[in-house]
Amino acid sequence: MYNITDGFIEQIGMAGKEKDTKILIDNKEIIPQLFKQSFTGSIFTSIMQKIEIEVKNGEILKENTILKPKYGLKVNNEYEYIGYSDYNVYSSEINYDTQIVKTIAYDNLIKFMIKYEIKNLNISFPTTILELITKICEHIEVELYETDFFHADLLIEEDLFSALNCTYRDVINCICQATLTTAIIKDNKLYFKAVTDTNKIVTPQILKKIKLKQEFGGCNSLVLGRGNLNDNVYSKEDFLIEEDGLQEIRFDNNEILNKKREEVIDDMFNQIKGLRYYAFETKDLGIGIFEPADLCEMQDLDGNTYPVLILNQSLTVISGCEGSMSADVPEVSTTKYQYATDSQKRQIKTEIIVDKQGNKITQLAQETTEQEERLTQAVQDVQKFKYSVNNSGGNNLIKNSVGWADLDFWETDNKKLFNSIIEQGSFYIHNTANAGQNVYSTYQIRTKDYITLEPGTYKITYQGVVNEHYILQYDMNNVTIANLVTWRTRKKWK
């Protein structure tokens, strides 16, 4: 929440309140006809804030010009202003019929929307989340607002993002989930902000209309999943689910968490357990005092209060003031807990790990108990299949992993094997039990996803923008690699 006084809040609902809007550009003051500040987003991601202004007979502003917006109300005979950050001009154009220049600008989060390149960061791995984001901020030349946040010390073993063709903001979004924060710009600095209770009550005196919708919470389940696949790790409180029904937060395919879901799930759940708020919509008299991820109370005409999380807000000033606020709750869960694992559950699983960084596919069969861990792994890298076995306390799980059928069938002359195509397209899994039919049960997975397969025969194919496509066929009844087939010069697979 912006640092404003109770007197400012009282003035919001006053008829005839005195207000002031202006824009400072290099100490030059511009008075806009229209002033609008807004943001729209979701919890546990980054939320960029926006300014729109219209100026009669104004000048067209150059891209990246710094705007310093000011909006204030007169309190005790002096103007009190909201402490906005600086904004960077994104577009500025003139309507020649009206001679009005319309300018749109964004806060410093827009600076992170350039391609992620590890060479610019002067960083080595393993590293921590804090060190990675610190190096990113140094490169972008935006300071980090705070260094003390949940999972700041979480280890990142390797460069997870270079092969993804992503932006620095995409990395920030990934960090938001891993740290259970919402990334915003505060005082021109990047701030990983936990849900923050403002202890403020928004009364009917400053609301035109309020619509309370679905309640979420208290949060009683956290799931780290793999998209539509039933490969989920969860932590939950069953007695709370019995009381409130399932109130779940779910993250899918998070690059930082993918390989350590069991390690982090319980601590993460403890951080957000009990989070409660309502989905809502308001039309108001121009409140505009909240920042993204602020928690406050909405009061109805009967004096009842309801917790709400501010995820969308707008403040528009023309001749008068008007505004809006809203938020949605997480989508209803479709997690099938009978296919999920928790930290206390014995794991027997067969997984396909598609590694976007190493250009390789790993087929992993693993059984874990307190006394025994058996691990057999077949790795296909850029040029050929590599073979490795790690076995302690028992026999191998994959029949041909010790070379009973020789290892020649693992070799390939195709030097482009999974080279570059990992960055685009999708893998598909098909149940081939009804081999005579053209239609299979299909599950789409993204690169580096884990999957768990029921007994049966499956084909795993890759669809991408290349001339080669590969099929790995697995007989899951016997957990054996049955065949590797290479298709060449086939530009589209259906």
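Residues numbered from 1 in each chain as written. Predicted model: local features only at pLDDT ≥ 70, side-chain atom pairs only at ≥ 80, totals over all residues. Heavy atoms only, no water.

Enquirer: Whenever I open this one, helix H3 (residues 168–179) confuses me. Can you help?
Expert: Each turn of an α-helix holds 3.6 residues, which means side chains three or four residues apart point in the same direction. Between its first and last C-alpha, H3 extends 16 Å over 12 residues, near the 16 Å set by a 1.5 Å rise per residue. Considered for burial, the residues of H3 that qualify are Tyr168, Arg169, Val171, Ile172, Cys174, Ile175, Cys176, Gln177, Ala178 and Thr179. A positive phi of about 55° marks Leu180, the residue just after H3. (Helix = DSSP H or I, 4+ residues; strand = E, 2+ residues; numbered from the N terminus. Expected span 1.5 Å × (residues − 1). Buried < 20%, exposed > 50% of the residue type's maximum accessible area, 1.4 Å probe, protein only.)

Enquirer: Before we go on, may I ask you to explain the packing of helix H2 (residues 129–140) against H3 in this structure?
Expert: Helix-helix packing is described using two parameters, namely the angle between the two axes and the distance between the axes. Running from N to C, H2 and H3 cross one another at 150°; their axes reach a closest spacing of 11 Å. In this view, H2 runs roughly antiparallel relative to H3, as classed from their interaxial angle. Judged by the sense of rotation from one axis to the other, the crossing of H2 with H3 is left-handed. Contact residues: H2 offers Ile129, Leu132, Ile133, Ile136, His139 and Ile140, while H3 offers Tyr168, Val171, Ile172, Ile175, Ala178 and Thr179. Counted by class, the contact of H2 with H3 contains 10 nonpolar, 2 polar and no charged residues. (Axes fitted to C-alpha atoms, helices over the stretch in contact; angles between N-to-C directions. Parallel < 35°, antiparallel > 145°, perpendicular 65-115°, else oblique. Left-handed = near helix turned anticlockwise from the far one by under 90°. Contact = heavy atoms within 4.5 Å. Nonpolar A, V, L, I, M, F, W, Y, C, P; charged D, E, K, R; others polar.)

Enquirer: I tried to follow the environment of Asp267 on my own but got confused; where do I start?
Expert: Along the chain, the position of Asp267 falls in helix H5 (residues 261–272). Distance from Asp267 to Phe150, taken between C-alpha atoms, is 9.6 Å for residues 117 residues apart in sequence.

Enquirer: Even after reading the chapter, I still don't get the environment of Leu295, so can you show me in this structure?
Expert: Relative to the elements of secondary structure, Leu295 occurs in strand S19 (residues 294–299). Linking Leu295 and Arg276, residues 19 residues apart in sequence, is a C-alpha distance of 9.7 Å. Excluding its chain neighbours within four sequence positions, the residues that come into contact with Leu295 are Val195, Thr196, Asp197, Thr198, Asn199, Arg276, Tyr277, Val308 and Leu309.

Enquirer: How should the nonpolar core be read in this particular structure?
Expert: In this structure, Tyr71, Phe112, Leu190, Phe192, Ile256 and Ile289 are the most contacted members of the largest nonpolar core, which totals 102 residues. In terms of residue count, the dominant contributor to this core is H3 (7 residues). Ile256 has contacts with Ile129, Leu154, Ile156, Leu160, Phe161, Cys174, Ile175 and Ala178, leaving out every residue within four places of it along the chain. (Core = buried A, V, L, I, M, F, W, Y, C linked by side-chain atoms within 4.5 Å.)

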